[in-house]
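Topology and contacts: notes
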Amino acid sequence: MRANDPALRSWVPVPEGNDFPIQNLPFGIFRTKNRNPRVGVAIGDFVLDLAAVAEFGYFDSLTLDKKVFSQNTLNAFIATGQQNWRKVRDRVSELLDEKSQALQGQKSARQNCLIPMSDVEMLMPIHVPDYTDFYSSIDHATNMGKMFRDPANALLPNWKHIPVGYHGRASSICVSGTSFHRPKGQLKPADAEVPTFGPTKLLDFELETAFVIGKATQLGDSVTTAEAQDHIFGMVLFNDWSARDIQSWEYVPLGPFLSKNFCSVASPWIVTMDALEPFRVEGYKQEPKVLPYLEYSGNKNIDINLEVLIRTPDGTENSICRSNYKYMYWTMEQQLAHHTVNGCNINVGDMMASGTISGPEEGSFGSMMEITWRGTKPLKMKDGSERKFINDGDAVIIRGYAEKNGVRIGFGDCDSTVLPAK
Ligand code: MN
C-alpha cells in the first residue's frame, strides 16, 4: 500500500514522537468556532478539513458524493465502502506528500484546509448503533478468575473455545475529553446481609481498544474470519469504565449491566486497518484447537503499545500500566466471525471492544482491580496520595501507538475525568 511507505514525508511538519505522521491519516469529526461538524484527517499538529478539501475540488477525480465529508458523524463516509476509504486515504496521502505542490503550492486552499489542532474541538466520530464488549485477553481473564474464583482453575471451561462477550449499551459511549459523574447503584459487601444504595466505592478503568464496523450484513448472514477484514473500518482506544462493587453484586446470572453502561470513552481518531497493516504480528498460539469457523490464517494480531496514566487533581500524570494489543488471545477476525455465526446482523458504526488488555507481568495489567490486586497493593501517586481505585477529580488517560521501520502511528489520547456522584 503506497500510503504506508515509510519513506513518505509530508510538507506539514510532524514533530518527533507525534501520533500522526503521513503514514497514519486517521479519520475523525471536528468543529471550530466557525465551522460546523465535519470530517477531518490528523496530520502532525494539524487537522485537514476534508469538507474544505472537497470544496476546493481536490476529490473531483473520486466518484464520491462530497456531502459525506460535511456530516456530523463518519457513518455516511464509511458506508461508501472500503474502496472509497482507500481512495480517499491515498488521495490525502498524495496531497500531503512533500513532493506534491497540488495543495502545498496553493496558499489560500492550504490555509483554508489545514487547521491547527489546538483550534478544533473533536466530537464523537461515529453514531454507534450497537456496542459489544469482548473478554479476550487471557492474562486479564486469568487474573480475574484467580481473584474471584479458583486460582488453580482460573479460566472457565468455555474460555478457550468461545470469544466470550456481552452486549453493552451504545448510548453512553463518549469521546475523549468527557467528564462523568461517579455512578450510584446497589452495593453488597461480602459481609453484609442485604444490599445498600450509594456511589460506587470501587470505580475502575478498563484498558481496551475497539474496532468499528465498516460494512453491514443482513440478518441471517455470517462473516467468516477471512471476510472479517472487509467489514472492519478501523480502531480506537477505549476506556470501558466499570464499577466493581456494583458489578460483583449484579452480574449473576446474565453478566454486567449497570456497572458498565454509565460511560465508556473512545479516542477521537479512527486509525484505519490499512494504516495498521504493517504492524500485524502472529496471533496467540491457541491450544486446544478452535472449532473450524474460528480458524484463521495469516498474522492477525497487531503490535500496539498501550499505556494508562492517572492524572491526579494537581495535574501531574502518573504512568500506571504498559500493555500491548498483541497479548490478545482472540483476534478481531475471530470475534467478528463468532458474533455473526448465529446470523446476528451488524451495522456500519457498531463498536466491538476487546475487553481489558492485560499483559503477562505485573506492570502490564489493564485495570486497577488487577494492578492493586483488589486494593491490597495500593499505588503511590507523585502528589503523595495513594490509589486503590479511581478517585473523584482523577482523569484516566489511555495512549497507544504502533512503531516499526521508523514509522510511529498513534491514536491520540483517550482522556476522561471523574466528577463526584450527582
Ligand atoms: Mn470491558
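1. Observations regarding the overall build of the chain
- In terms of regular secondary structure, the chain is built from 9 helices and 27 strands.
- Taken over C-alpha atoms, the radius of gyration comes to 22 Å for the chain, in line with the 22 Å a tight globule of 422 residues would show.
- Every one of the 422 residues in the chain was classed for burial, and the buried ones make up 56%.
- Put simply, 71% of the contacts in the chain that link residues at least 6 apart link residues at least 24 apart.
- Within the structure as shown, the chain displays about 18100 Å² of accessible surface, and the carbon and sulfur contribution to it stands at 50%.
- The averaged location of the 50 negative side-chain charges in the chain is 2 Å from the averaged location of its 43 positive side-chain charges.

2. Topic: the domain arrangement of the chain
- Split by domain assignment, the chain resolves into domain 1 (2-123) and domain 2 (135-419).
- Computed from C-alpha coordinates alone, the two centres of domain 1 and domain 2 are separated by 29 Å.
- Of the residues lining the interface, 28 residues belong to domain 1; the matching set on domain 2 comes to 27 residues.
- The contact between domain 1 and domain 2 buries some 2100 Å² in all, and 62% of this surface belongs to carbon and sulfur atoms.

3. So, the pairing of strand β26 (residues 407-410)
- In this sheet, β26 lies alongside strand β25 (residues 395-404) in antiparallel orientation, the contact comprising 4 bridges. Residue pairing in the sheet places Glu403 in a bridge with Arg408 of β26.
- The hairpin formed by β25 and β26 contains 2 residues between the paired strands, and Asn405 there has a positive phi angle of roughly 50°.

4. Description of the pattern of salt bridges
- Throughout the structure, instances matching the rule amount to 22 salt bridges.
- The residue Asp65 makes a salt bridge to Lys67 at a minimum N-O spacing of 3.7 Å.
- Classification of Asp65 by relative accessible area gives partly exposed; the value is 42%.
- Through salt bridges with shared partners, a single network forms among Asp204, Glu206, Arg244 and Lys260.

5. Notes on the coordination of the manganese ion
- The manganese ion binds to the protein through Asp133 (OD), Glu206 (OE), Glu208 (OE) and Asp240 (OD), with metal-donor distances spanning 2.1 to 2.2 Å.
- One chain supplies every donor to the manganese ion, and in sequence these donors are spaced D-x72-E-x1-E-x31-D.
- According to the relative accessible area criterion, Glu208 is buried, its value standing at 0%.

6. Quick notes on the packing of aromatic side chains
- All chains considered together, the criterion is met by 14 aromatic pairs.
- The ring centre of Tyr401 lies 4.1 Å from the NZ or CZ of Arg408, which sits over that ring.

Parameters at a glance
Residues numbered from 1 in each chain as written. Predicted model: local features only at pLDDT ≥ 70, side-chain atom pairs only at ≥ 80, totals over all residues. Heavy atoms only, no water. Helix = DSSP H or I, 4+ residues; strand = E, 2+ residues; numbered from the N terminus. Rg over C-alpha atoms; globule rule 2.2 N^0.38 Å. Buried < 20%, exposed > 50% of the residue type's maximum accessible area, 1.4 Å probe, protein only. Contact = heavy atoms within 4.5 Å. Areas by Shrake-Rupley, 256 points an atom, 1.4 Å probe, with all protein chains shown as cover. Lys, Arg positive; Asp, Glu negative; His and termini not counted. Charge placed at Lys NZ, Arg CZ, Asp CG, Glu CD. Domains from an automatic or database assignment. Buried area = accessible area lost by both parts, 1.4 Å probe. Pairing = 2+ DSSP bridges. Salt bridge = Lys/Arg side-chain N within 4 Å of Asp/Glu carboxyl O. Donors = N, O, S within 2.8 Å, 3.2 Å for Na, K, Ca; no water. Phe/Tyr/Trp six-rings, centres within 6.5 Å; stacked < 30°, edge-to-face > 60°. Lys NZ or Arg CZ within 6 Å of the ring centre and 35° of its normal.

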